[in-house]
Amino acid sequence: MSTSVFYHQFERHANGEGVNAHSTTYCPGCGHGLAQKFLAEAINELGVQDRTVLVSPVGCSVFSYYYFDVGNTQAPHGRAPAVAIGHKTANPDSIVICYQGDGDLASIGLAEIVSTAQLGIPITVIFVNNAIYGMTGGQMAPTTLIGQRTTTTPKGRTLLAGQPLKMAELISGLDGPVYVERVALYDNRRRTHAKRSIKKALELQVAGTGFAFVEVLSECPVHLGLEPEAAEDWVRDNMVPIFPLGVKKDTTDGAAFPVIPTARFDPEAALTAVGATTERPPRFAEEFPTHIDPEDISFKLAGSGGDGAQTAAMILTRSAINEGYDSTHIPSYGPESRGGTSYADVHVALKEVMSPAAPRPHVLVAFNAPSLAKFGPTVRPGGLVIYDSSVISARPDDLATEVRTVPVPFTGVAAELGAALVKNVVALGALQGATKVFPEETFLTAIRATLKQKCAMIPINEEAFKLGAKLAGEQVC
Amino acid sequence: MTRVAERPKPFVVPEYCKGCGRCITSCTKACITMGTEINPETGLIPIVLDLSQCNGCGLCFDACPEPYGLRPQGEEAAFELLDPSTVLGPRPFDAPQPEPRPDTSVPLPEREPLIVKGTYAAAVGAVLAGCRHVFGYPITPSTEGAELMARVLPELDGVFIQAVSEVATVNMMYGAGGAGKRCMTFTSSPGFSLMLEGISYMIGAEVPAVFVNVMRGGPGLGNIGPEQADIKLVCRGLGHGNTHAIVLAPATPQEMLDIAMLSFELAFKYRNPVVVVGDGYLGQMTGKVRLPRRMVEPGIPEWAVFGDHSHRGNLICSLNLSELGLEQHNVHLNEKYERMTAEEQRADLYRCDDAEILLVACNTPAQLAKGAIKELRDKGLKVGLFRPITLWPFPIEALRTLLDRVKRLVVVEASSGQLEDELRLALSHADVLPPPLSHVRRMGGILPSQDEIIEHVLGLEEVR
């Protein structure tokens, strides 16, 4: 009847002056006023005014925040349910209400309402269906009846304009909602019932039960071209047969929605969650490998997808950082990265890596012939090419003469170990054996850290690494 | 019930009755009739009450669509506004004054550096900046951020929600940001395009949030290679209206973390979204990332629609039907943009002290440019790098001080000249006549290479 949930004075309405200070923007006889009155009374009766956040839609009820003395957010057209998710997860104690019309909810906002309903998060949706677009001036709504004239169906809606969308039935077909009902406002009995339904939908949120949806069949006398009383009759006689009233779904005795957590800000927990540790990896290198470059060494590891070039590159980067140097790894993009090939660029710098790309690598590790053909000529003079001699028969002709080659049978060694997957670790071993960029133990430590979750794989990887290092080392010495 | 006799009967203030007559049919005692006289205040014909038969059933109250239409008798006394002419006096909202709940800076114990990808580093920065609400829709090459948040946030009782679309994503942020929470998303170019509607609303309603856009090749679906072709969008096209947001362009995984933390500070300082742009290369780049020694435990801003007693009077809204009112709001927003322009320009200068040729680049191209500079310096050329960290506002003040000596500007970018346009606009607004300007550009998911930069510089007439 009366409630303090409405502002005493609608100050946001034309500065709250004169008659506007106490009158809504709704046309005479509009059902919005009733639905909002019932909603205000429910908020009042449940004592949740302070906790309530009302999400206003776009449409005739866009100005709901003029009237409701609660926290208010005005949402973009159709997006109220998504905005409501933001509010509800921001403060699980808040009582979040989406008040939406048929254009907002059933047309432009279909994806948001369906996905939010299916999520089942405890919010309350009041859906006002008056079968027409009010604010924009009487255009077809998704709920407009077949034969109904609107300004965009001037001869009446035909099947070519689609059939009226039955939102309560659609929403009730989802798993998420706990309560879906369609109510009306056209006589005393329906109004009393509508009031109860709206209150129930709100109670279910207060109790944390779940998502509740009340579709309210409402009158738009102005755009129906009817007097308010005739508009009530029109809803009863024309809308109700298409949009039957009643409870469409009620699973309120089932399991409640999970408790939405309230965020914690414990420093230790935050650091642990992002993977930070106090474990300082041991260092084995005595100095920066200046025998390769005084301050910045670049590597390219190139193969096909599945060769494990990226993992090997990552272990190399980890090894360098563990030794206290700067290092970067990027999976290589560019036109050459098409067709299932996989290239990795790694830099190891004494102080800071500048460019992370390796257009002229000191060291190339090639897992196949095309990679060697492509990148071999880019290796800088005095550089090193380590390649899989199981699949590449001989040193290509176009390599610069001052580039050394170290053939190691990555695939063959891995096959002998009975684990084809470890050929990249054989390659990594070969890289270490041929370059001595860091001691063996640096790499083995990084390999163990990488395989922390798969401890059983550590011995075979260590063996693969050592074999690769040995085979390459013998050639270099 | 013996209290029937006490049930209140209705009264009506004619000015608040729109004469819809819905109460007339609700009354079983025929107490209500349509009036005959037009109310001069409203131009409408209000109903007339004859309560001689009224039994106080109250059905008419539930039939009246107006909050202050038919009302129970007895409320007149409390309802001090019977006379519309008296409503003009000041009458503040009942809602209380929000209590300040400021952010707190919490010390962090020392930890070893992380070895992580750029996108991951941004996510870590966000967590340490107090972000516990992340919404997102998977799109390559930004998905690692969402994946990390989906794993990490539950451990901190935070929330990660995979939305039905980028459109829903940005609106979840509008809700959570409007509630005063630090929230963010990771997306990539096509997804960012979809978020523009919501970003315009957020700027209009002054809602802070952080968007990390790992730019990929476009237009359209394009490809997933690295490009910088959203610069125009983030600097000049954040949805409809007079919009701007601070745009930050990190260049290394470390900076992804540092800038993610800074972004939240700036977003809340100005009550405005902040956009972090990276390129696919940077997002995928693994490097060493040192952790800060402090983290943030956010409070609740006074303006937030948090959903509690203290914040009940607040409104998050971008609608303003009064043209003058909306103009005023735009003036207010523009003043913010001007403050951002004055206070938030950030740039990194690399070997600029004696530079005669200045490369201008951001994100990974800036790192490639550094690599090129090293080689060009070895050849004895005085080349430096001017790296805008804020793309908007463009750090023109830092650049201006260098221009006396600079004989040539070379913009290195992975777009058709969008960074160069920002540079030229900034120079023009600052009334600076720049030295000759040329560029190294790639498009389509390719970054300019170090060699292309070197080749371009060696071909300049200033060098030949």
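Owing to the predicted nature of the structure, the values given are computational and were not obtained by experimental measurement. (Residues numbered from 1 in each chain as written. Chains lettered and ligands numbered in written order. Predicted model: local features only at pLDDT ≥ 70, side-chain atom pairs only at ≥ 80, totals over all residues. Heavy atoms only, no water.)

Caption draft 1: Seen up close, the confidence of the model for chain B. With 94% of its residues at a pLDDT of 70 or more, chain B shows a mean pLDDT of 93. Note on residues 81-92 of chain B: pLDDT under 50 across the span, and 28 contacts to partners over four residues away in sequence or across chains. (pLDDT = per-residue confidence, 0-100. Contact = heavy atoms within 4.5 Å.)

Caption draft 2: Spotlight on the nonpolar core. Formed by 171 residues in total, the largest nonpolar core has its most connected members in A:Phe213, B:Met184, B:Leu359 and B:Leu399. With 11 residues, helix 8 (residues 253-270) of chain B is the single largest residue contributor to this core. Within the second largest apolar cluster, 45 residues are counted, among which are A:Phe299, A:Phe367, A:Leu431 and A:Phe443. (Core = buried A, V, L, I, M, F, W, Y, C linked by side-chain atoms within 4.5 Å. Buried < 20%, exposed > 50% of the residue type's maximum accessible area, 1.4 Å probe, protein only. Helix = DSSP H or I, 4+ residues; strand = E, 2+ residues; numbered from the N terminus.)

Caption draft 3: Spotlight on the state of the cysteines. Across all of its chains, the model carries 0 disulfides over all chains by this definition. Between A:Cys98, a free cysteine, and B:Cys317, which holds the nearest cysteine sulfur, the sulfur-to-sulfur gap is 15 Å. (Disulfide = S-S within 2.5 Å.)

Caption draft 4: A look at the interface of chain B and chain A. If you look at the interface, chain B gives 113 residues, while chain A gives 115 residues. Across the chain B to chain A interface the summed buried area is about 9,500 Å²; carbon plus sulfur atoms make up 60%. Contact with chain A buries area across many residues of chain B, yet B:Arg22, B:Asp62 and B:Arg312 alone supply 8% of it, more than any other trio. At the surface where chain B touches chain A, the tally comes to 13 salt bridges. Its salt-bridge partner being B:Asp62, residue A:Lys195 comes within 2.8 Å of it at the nearest N-O pair. In this structure, the connection of chain B to chain A is made through 44 residue pairs in polar contact (both at pLDDT 80 or more). In terms of residues, the side of chain B that touches chain A owes the most to one element, helix 5 (residues 166-178) of chain B, which gives 8 residues. Alignment of strand 9 (residues 326-331) of chain A against strand 14 (residues 286-289) of chain B, held across 2 bridges, turns out to be antiparallel. By the bridge assignment, A:Thr328 is partnered in strand 14 of chain B with B:Gly287. (Buried area = accessible area lost by both parts, 1.4 Å probe. Salt bridge = Lys/Arg side-chain N within 4 Å of Asp/Glu carboxyl O. Polar contact = N/O pair within 3.5 Å; in protein donor to acceptor, adjacent residues only side chain to side chain. Pairing = 2+ DSSP bridges.)

Caption draft 5: Geometry of the packing of aromatic side chains. Counting across every chain of the model gives 20 aromatic pairs over all chains. Their ring planes at 40° and their centres at 5.9 Å tell us that A:Phe127 and A:Phe213 sit as a pair that is tilted. Taken together, the residues span a long stretch of sequence, with A:Phe127 in strand 4 (residues 124-129) and A:Phe213 in strand 6 (residues 212-217) at a distance of 86 residues. You can call A:Phe127 buried: its relative accessible area is 0%. What makes A:Phe213 buried here is its relative accessible area of 0%. With a centroid separation of 6.5 Å and 90° between ring planes, the pair formed by B:Tyr174 and B:Tyr201 is classed as edge-to-face. A residue pair is termed long-range when its members are at least 10 positions apart, and B:Tyr174 in helix 5 and B:Tyr201 in helix 6 (residues 189-205) qualify at 27 residues. As far as burial versus exposure is concerned, B:Tyr174 and B:Tyr201 are alike and both buried. Site record: aromatic cluster; members linked through ring pairs are A:Phe10, A:Tyr26, A:Phe63, A:Tyr65, A:Tyr66, A:Tyr67 and B:Tyr68. Here the basic side chain of A:Lys300 rests over the ring of A:Phe375, its NZ or CZ set 4.4 Å away from the ring centre. (Phe/Tyr/Trp six-rings, centres within 6.5 Å; stacked < 30°, edge-to-face > 60°. Lys NZ or Arg CZ within 6 Å of the ring centre and 35° of its normal.)

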